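# A structural walkthrough
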Amino acid sequence: TLMPGEADEDSPAFDPRPAASGPAYTDPDSNPSDDFFEATTYKGAFDTTLWLNNLSWLSDNLKLASTVACGDIAADTTWSTSVRMTCQVFVQSGVTLTINPGVTIVSEADDGSGLAPALVVLPGATISAMGTADAPITFTS
């Protein structure tokens, strides 16, 4: 899973989905011979769909990193839930990125190519990030 080290209630955000190249996608079990179970290409409760969103304590407390950011932001965008940056993110000229109070941005340590994920606001772009004392905006890894 894409969770920070020792995950607990003090961790900034979680993404319980398995890594695409991880063991959850290796040799999934076959289904019993009844109509209750659906065939999957993975093991466990999660694939790419994050069905916990709006259905769990993690979601209610903005600790579910349900949005993944990578590459260019080419249209006005608002981050209102926790975000997981998997590569460098570039806010393009003429575009506004709004980050709502209480959002946590969790950065992967490496994008897989040796580059550290980062949020880059290019000339002519705008960032609006107005956290509060009770709902700060937090960047972490």
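The structure this text deals with has already been given above.
Quick summary incoming for the structure in this document. Given the structure is predicted, the values throughout are model-derived calculations rather than measurements.

### Some words on the sheet that holds strand β2 (residues 77-79)
With parallel pairing, the three strands of this open sheet are ordered in space as β2-β4-β7. Here the strands that pair on one side only, and so sit at the sheet edges, are β2 and β7 (126-129). Ignoring strand direction, the axes of neighbouring strands in this sheet form an average angle of 15 degrees. Here strand β4 (residues 96-99) runs beside β7; their pairing, made up of four bridges, is parallel. Counted as the bridge partner of T96 is T126 from β7.

### Side note on the state of the cysteines
Under the criterion given, the structure shown has one disulfide. Through a disulfide, C70 is tied to C87; the S-S separation comes to 1.9 Å. Taking the torsion about the S-S bond as the criterion, the C70 to C87 disulfide, at about 110 degrees, is right-handed. Within this pair, whereas C70 is found in strand β1 (residues 67-73), its partner C87 is found in strand β3 (residues 83-91), the two being separated by 17 residues in sequence. Judged by relative accessible area, which is 47%, C70 ranks as partly exposed.

### Structural notes on the pairing of β4
Here β4 shows a buried face lined by L97 and I99 and an unburied face lined by T96 and T98. Pairing of β2 with β4, which is carried by three bridges, proceeds in the parallel orientation. From the neighbouring strand, T78 faces β4, where its bridge partner is T98.

### Some remarks on the packing of aromatic side chains
Applying the stated criterion across every chain yields a total of one aromatic pair. Judged by centre distance (5.0 Å) and plane angle (90 degrees), the rings of F36 and F37 are edge-to-face.

### Concerning the nonpolar core
With 13 residues, the main nonpolar core has A69, I73, W79, V91, L97, I99 and I105 as its most contacted residues. Of all the secondary-structure elements, those providing two or more residues to this core are β1, β3 and β4. Sort the elements by how many residues they give to this core and β3 lands first, with four residues. Residue contacts for I73: discarding those within four places in its chain leaves W79, V89, F90, V91, Q92, V95 and L97.

The rules behind the values
Residues numbered from 1 in each chain as written. Predicted model: local features only at pLDDT ≥ 70, side-chain atom pairs only at ≥ 80, totals over all residues. Heavy atoms only, no water. Pairing = 2+ DSSP bridges. Helix = DSSP H or I, 4+ residues; strand = E, 2+ residues; numbered from the N terminus. Axes fitted to C-alpha atoms, helices over the stretch in contact; angles between N-to-C directions. Disulfide = S-S within 2.5 Å. Buried < 20%, exposed > 50% of the residue type's maximum accessible area, 1.4 Å probe, protein only. Phe/Tyr/Trp six-rings, centres within 6.5 Å; stacked < 30°, edge-to-face > 60°. Core = buried A, V, L, I, M, F, W, Y, C linked by side-chain atoms within 4.5 Å. Contact = heavy atoms within 4.5 Å.

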